[in-house]
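The primary structure of each chain is shown beneath.
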There are 2 protein chains.
Amino acid sequence: MHTPQNITSSTTSSNLRQFSFIGGSTGPWRISRITAVAGESLGMATRLRIVNEHPETPPTDASWLLRGITSNLRYTTQSESEQLIAKQKGLGRPHATRAALIPLKKSAAWWAMPQDTRRQIFEAQSRHTSIGLKYLPAIARRLHHAYDLGEPFDFLTWFEFAPKDEPHFDELLAELRSSQEWAYVDREVDIRLNRE
Amino acid sequence: MHTPQNITSSTTSSNLRQFSFIGGSTGPWRISRITAVAGESLGMATRLRIVNEHPETPPTDASWLLRGITSNLRYTTQSESEQLIAKQKGLGRPHATRAALIPLKKSAAWWAMPQDTRRQIFEAQSRHTSIGLKYLPAIARRLHHAYDLGEPFDFLTWFEFAPKDEPHFDELLAELRSSQEWAYVDREVDIRLNRE
């Protein structure tokens with residue numbers, strides 16, 4: 001809605017949840033590789049920056065602009081949430097100088113399923129949260145949703161870890177990618193980065 | 001993402017899910033009343049039109065522009081979905097000349113709860129789907145999500161029914177508004193309309 005009296009109060013909280021990942025020639029993160037895991041890759045870029053807003057168009061130096069928003073939990077239960085909170089660490093730890101950005105798009109078949117069927121595949125069959133829990137606190141993460149934003153990917157997940165933990169991160173990805181849930185992944189790109 | 005080769009293919013499906021409700025002086029629906037049920041109301045307008053896109057700014061005649069997107073089911077189970085599909089009718093029935101648009105915002109406390117807790121309140125305590133089922137097929141509806149769009153409301157629900165069913169629609173609202181789930185509603189506006 002756009003009426004002058006509403007813009008400020010209504011958009012503050014959602015603006016704080018907005019993040020954009022800009023692949024170009026500037027930013028604190030150096031891109032070491034971009035790998036297409038499923039579907040089309042992304043254009044080459046040497047640096048990445050993350051901004052807490054959603055620009056309408058990419059900056060002139062940018063090869064790509066990916067927008068996402070942090071949101072409410074979609075599958076996580078109270079019990080799982082408590083386990084995650086007890087073990088997880090936040091982003092920005094000084095020793096966590098490696099990162100990964102995994103943009104991922106799921107199929108129309110995934111989105112057409114009712115909530116209980118998706119939850120069943122997500123956890124009972126694929127153990128998505130259980131697998132993630134094993135790698136805490138070494139791997140810190142933040143999930144950004146994009147399915148409802150008109151973006152080419154449905155999810156953008158940002159991970160940070162120490163260089164010594166990159167092999168464990170690769171194990172985590174291998175476990176998830178071999179799960180039933182990944183049968184519904186249409187497009188996935190794996191971007192690795194170093195903080196400089 | 002904005003690279004020329006991706007814009008067309010990536011945005012088609014989400015564009016079809018985008019709807020905007022424009023309150024102003026034109027459109028096929030005449031607004032009969034706008035009532036603030038909780039929180040601030042909306043500005044006065046005489047007519048409403050619905051467009052299948054998300055304009056960045058409201059048209060010059062508009063008093064307000066509300067944007068939402070149809071999306072995946074968030075609480076509905078397979079069993080509930082089958083019952084709904086068996087009973088519900090689509091929008092646009094010739095005799096359904098009355099309508100209601102209910103923009104609604106839930107509290108931060110609602111969104112902070114994990115999935116199972118919200119589902120528990122939504123159905124086990126509040127019987128949201130069960131109540132809705134009782135009024136099918138007389139009341140047709142389409143739910144639009146807006147929580148992740150930076151909009152002032154989290155949901156925009158559009159209802160269509162025959163004039164003789166408006167008392168039943170009021171009963172439906174009364175049942176829902178007396179439920180535990182509605183303790184988490186911070187703002188709600190009730191807009192009634194006639195098709196001309």
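Quantities reported herein were computed from a predicted structural model and do not represent experimental measurements.

(A) Broad picture of the relation of the copies chain A and chain B. Least-squares fitting of chain A to chain B yields an RMSD of 0.0 Å, with the superposition described by an axial translation of 0.0 Å and a rotation of 180°. Put plainly, the chains are arranged around a two-fold axis. Most of the interface of chain A is mirrored in chain B, where 100% of its interface residues are also at the interface.

(B) Fine view of the interface of chain A and chain B. Each partner contributes residues to the interface: chain A has 41 residues there, and chain B has 41 residues. Of the roughly 3,500 Å² buried where chain A meets chain B, counting both sides, 47% is carbon and sulfur surface. Connecting chain A to chain B are 4 salt bridges. Taking the shortest distance from any N to any O, the salt bridge between Arg74 of chain A and Asp148 of chain B comes out at 2.9 Å. At the boundary of chain A and chain B, one finds 16 residue pairs in polar contact (both at pLDDT 80 or more). Elements that contribute at least two residues to the side of chain A that touches chain B include exactly helix 1 (4-16), strand 4 (64-69) and helix 4 (115-125) of chain A. The class makeup of the residues in the side of chain A that touches chain B is 14 nonpolar, 17 polar and 10 charged.

(C) Structural context of unusual backbone geometry. Omega for the bond connecting Leu136 of chain A with Pro137 of chain A falls within 30 degrees of zero, at 0°, which places this linkage in the cis form. Tracing the chain through its elements places Pro137 of chain A in the loop between helix 5 (128-134) and strand 6 (140-145).

(D) Fine view of the pattern of salt bridges. As enumerated under the stated definition, the model contains 34 salt bridges over all chains in all. Salt-bridge contacts for Asp170 of chain B lead to Arg192 of chain B; the nearest nitrogen and oxygen are separated by 2.7 Å. Of this pair, Asp170 of chain B sits in helix 6 (residues 166-177) while Arg192 of chain B is found in strand 8 (residues 185-195), placing the two residues 22 residues apart along the sequence. Judged by relative accessible area, Asp170 of chain B falls into the partly exposed class, the value being 33%. Salt bridges here are not isolated pairs; linked through shared partners, they connect Arg98, Glu166, Asp170, Arg177, Glu188, Asp190 and Arg192 of chain A.

(E) Structural context of the environment of Ser25 of chain A. Residue and element names in this part refer to chain A. Mapped onto the secondary structure, Ser25 falls in the loop between strand 1 (18-24) and strand 2 (29-38). Spatially, the C-alpha atoms of Ser25 and Glu166 are 24 Å apart, while their sequence positions differ by 141 residues. Apart from the residues within four sequence positions on either side, Ser25 is in contact with Thr46, Arg47 and Asp61.

(F) Focus on helix 4 of chain A. Within helix 4 of chain A, burial applies to Gln115, Arg118, Ile121, Phe122 and Glu123 of chain A. Burial along helix 4 of chain A is one-sided: seen end-on, the buried residues are contained in an arc of 160°. At its buried positions, helix 4 of chain A is contacted by helix 2 (78-87), helix 3 (108-112) and helix 5 of chain A together with helix 4 (115-125) of chain B. Looking one or two places after helix 4 of chain A, you find Arg127 of chain A, whose phi comes out positive at around 55°.

(G) Just the packing of aromatic side chains, in detail. Residues and elements named next belong to chain A. Under the definition given, this model contains 18 aromatic pairs over all chains. Note on Tyr75 and Phe122: the rings are 4.6 Å apart at their centroids and 25° apart in plane angle, and the pair reads as stacked. Placement of the pair is Tyr75 in the loop between strand 4 and helix 2 and Phe122 in helix 4, with a sequence separation of 47 residues. Here Tyr75 matches Phe122 in class, with each residue buried. Linked through ring pairs, Tyr75, Trp110, Phe122 and Tyr184 together constitute an aromatic cluster. Stacked on the ring of Phe19, the Lys or Arg Arg142 has its end atom at 3.8 Å from the ring centre.

(H) Here's a closer look at the environment of Glu80 of chain B. All names here are of chain B. Structurally, the position occupied by Glu80 is in helix 2 (residues 78-87). According to the relative accessible area criterion, Glu80 is buried, its value standing at 10%. Remark: the alpha-carbon pair of Glu80 and Arg119, spanning 39 residues in sequence, is separated by 13 Å. With residues near it in sequence (within four places) discarded, Glu80 still touches Tyr75, Arg119, Glu123 and Thr129. Within the local environment of Glu80, its side chain forms a polar contact with the backbone nitrogen of Thr77, the two atoms lying 3.0 Å apart. One polar contact links Glu80 to Arg119, side chain to side chain, over a distance of 2.8 Å.

(I) Just the side chain of Asp190 of chain B, in detail. All names here are of chain B. Examined against the element boundaries, Asp190 turns out to sit in strand 8. Judged by relative accessible area, Asp190 falls into the buried class, the value being 3%. Of note is the side chain of Asp190, whose polar atom sits 2.8 Å from the side chain of Arg192. Look past the residues within four positions of Asp190 in its chain and what remains in contact with it is Arg33, Ile34, Thr35, Val37, Leu101, Ile102, Leu173 and Arg177.

(J) Molecular detail of the side chain of Lys106 of chain A. As for its position among the elements, Lys106 of chain A is in strand 5 (residues 98-106). A polar contact of 2.4 Å, which involves the side chain of Lys106 of chain A, links it to the side chain of Glu181 of chain A.

(K) Summary view of the confidence of the model for chain A. All names here are of chain A. On average, residues of chain A score 93 in pLDDT, and 93% of them are at 70 or above. Every residue in residues 1-12 is under pLDDT 50, and counting partners more than four places away or in other chains gives 23 contacts. Scored as a complex, the prediction yields pTM 0.92 and ipTM 0.90.

Cut-offs applied
- Residues numbered from 1 in each chain as written.
- Chains lettered and ligands numbered in written order.
- Predicted model: local features only at pLDDT ≥ 70, side-chain atom pairs only at ≥ 80, totals over all residues.
- Heavy atoms only, no water.
- Least-squares fit on C-alpha atoms with pLDDT ≥ 70 in both.
- Contact = heavy atoms within 4.5 Å.
- Buried area = accessible area lost by both parts, 1.4 Å probe.
- Salt bridge = Lys/Arg side-chain N within 4 Å of Asp/Glu carboxyl O.
- Polar contact = N/O pair within 3.5 Å; in protein donor to acceptor, adjacent residues only side chain to side chain.
- Helix = DSSP H or I, 4+ residues; strand = E, 2+ residues; numbered from the N terminus.
- Nonpolar A, V, L, I, M, F, W, Y, C, P; charged D, E, K, R; others polar.
- Buried < 20%, exposed > 50% of the residue type's maximum accessible area, 1.4 Å probe, protein only.
- Arc of directions from axis to C-beta.
- Phe/Tyr/Trp six-rings, centres within 6.5 Å; stacked < 30°, edge-to-face > 60°.
- Lys NZ or Arg CZ within 6 Å of the ring centre and 35° of its normal.
- pLDDT = per-residue confidence, 0-100.

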